[in-house]
Structures are given as structure tokens and as C-alpha cells.
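Topology and contacts: notes
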Amino acid sequence: FKYNSDAFPSFPTLWENNGGKFVSFLNALETREVFDNLLNPVSRKYYPDGLSENQKRWDNKDVNVVLENYLSESSFDQPTCFFVWYNIRKDPNTSQVVQEVLDLFDSKGLLDDSFVIATADHGYLDPKRGYTPKRLKELNLTHDILVTEDQIKIPLWNKYPQITTQKIDSTIFTIDFMHTLLEYFNIPYPEESSLKPYGKSLLPLIDNDAEAV
């Protein structure tokens, strides 16, 4: 699979077309290769010694080291969007890693003025269901083929300047993220696109607009 940026409007493209810069820090080799044109993986010059572009998986802490190198050696004279991707399946310390990256942005004076979304692509089957990695292999299935409650419910946390701390009990979708960001940053969705927008902005929901539920 190679993303066709000419066929599908994407947030990175719209962001950069409106004067922003987009850069990503990706744990997985296949992600860096497949989404190279879409997510603009960070230059190798920010890799620490011993970290290879060809490693299948980086340690999550390595992702933060690359990000820290980038932040330390870059100036931000234009709005910048950072896309940071970890692999949580075999790292019980992922929450700590995420906290470290928030602390890193804070130490650089970038956190308070940033819009932050922390989420996951999908959940993972509860082993109690009997679909262990071994069992899935026996059935010639992958974990993301089976749609269950623990698959489709994922963590979501976000913040932006002047937001009120709250917990919202409402069903939303990851396809809503793009339109939330477009509305917040006043970036228009291309009217000429043959692909009409799915999802909607979450800002009214966050602002307690009853009609948004």
C-alpha cells in the first residue's frame, strides 16, 4: 500500500499548503517506507549513533531521542505539526514514554501553545477471548481482522490552549480528528476534492454544545 496524496486530501498536505511544516517520528520501518510521501519522516541526520534506518522496530525511547535531537537543532519560524508514533504492544512503559515526550515539548516552551492529540490506531483482543497470537496464527488471521469492543475502543486525550479539563462521554471516531484540526486552525477543506469529508469537528462537543452530541 502506498498512499496517493493526489487522490486523497490529507491533513499533512493541507497543513503544509497553508504555511505549516509537518514532520514525523516513526517507530516502524514499514511505516517510514509506506508513508514516506505522506508523513515526511524526520531526516536521518537527527538519528543518534547506533540507530539504523533499516531497523524493523525502534525502541520507543529511541523515538524520543530522535525527537529531542530535532527540537534541539531546529528553529520554529512557522507552525509545525509533529507526528510521533510508538509501538505499545511490547512496551509496558508506553505511558511513561508519552509523558516524557510531553515533558520534552514543555521544556522547549512548545507545549502551552500546542494542540495535542494522543490516541491509538486500534485496540488489541483480550486474551480471555481465546485469540492469542498463537491461535491467530493457527487460524491464519491477524488481530485487526476481528472487530470487537476491545478493538474499536481506543484511548483519546487532547489539549489545546485555554481548554477546560473535562471527560466527555460520547462516541466519536478517529476520522473526526482531521476536521477538528482544520476548524481549529481555520484551514478549509478543498471544495474541488472528489472525496467528500467524512467525520466532523469535535470542537462543538468539547465546548459543550448540546447539538454536537
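Residues numbered from 1 in each chain as written. Predicted model: local features only at pLDDT ≥ 70, side-chain atom pairs only at ≥ 80, totals over all residues. Heavy atoms only, no water.

If you trace the backbone, Phe-185 turns up in the loop between helix H8 (176-184) and helix H9 (203-206). The contacts of Phe-185, once residues within four sequence positions are left out, are Trp-15 and Phe-115. (Helix = DSSP H or I, 4+ residues; strand = E, 2+ residues; numbered from the N terminus. Contact = heavy atoms within 4.5 Å.)

Further remarks concern the pattern of salt bridges. Proximity of charged atoms lets side chains of opposite charge pair with each other. By the definition in use, this model includes six salt bridges. With a closest N to O distance of 3.0 Å, Glu-100 and Lys-61 form a salt bridge. Placement of Glu-100 in helix H5 (residues 94-107) and of Lys-61 in helix H4 (residues 60-73) is noted, with a sequence separation of 39 residues between them. Accessibility expressed as a relative area gives 29% for Glu-100, which makes it partly exposed. When salt bridges that share partners are traced, they join Arg-32, Arg-44 and Glu-53 into one network. (Salt bridge = Lys/Arg side-chain N within 4 Å of Asp/Glu carboxyl O. Buried < 20%, exposed > 50% of the residue type's maximum accessible area, 1.4 Å probe, protein only.)

This part covers a negative patch on the surface. Negative charge collects at one region of the surface, where Asp-103, Asp-106, Asp-112 and Asp-113 lie side by side. By the element assignment, Asp-103 lies in helix H5. (Patch = residues over 30% accessible without salt bridge, like charges linked within 9 Å, V, L, I, M, F, W, Y side chains within 5 Å. Areas by Shrake-Rupley, 256 points an atom, 1.4 Å probe, with all protein chains shown as cover. Lys, Arg positive; Asp, Glu negative; His and termini not counted. Charge placed at Lys NZ, Arg CZ, Asp CG, Glu CD.)

Relative to the helices and strands, Asn-60 is located in helix H4. The buried category is assigned to Asn-60, whose relative accessible area is 3%. Along the backbone, Asn-60 and Ser-201 are 141 residues apart, and their C-alpha atoms lie at a distance of 30 Å. Reaching out from Asn-60, the side chain makes a polar contact with the backbone oxygen of Asn-87 at a distance of 2.8 Å. A polar side-chain atom of Asn-60 sits 2.9 Å from a polar atom in the side chain of Asp-91. (Polar contact = N/O pair within 3.5 Å; in protein donor to acceptor, adjacent residues only side chain to side chain.)

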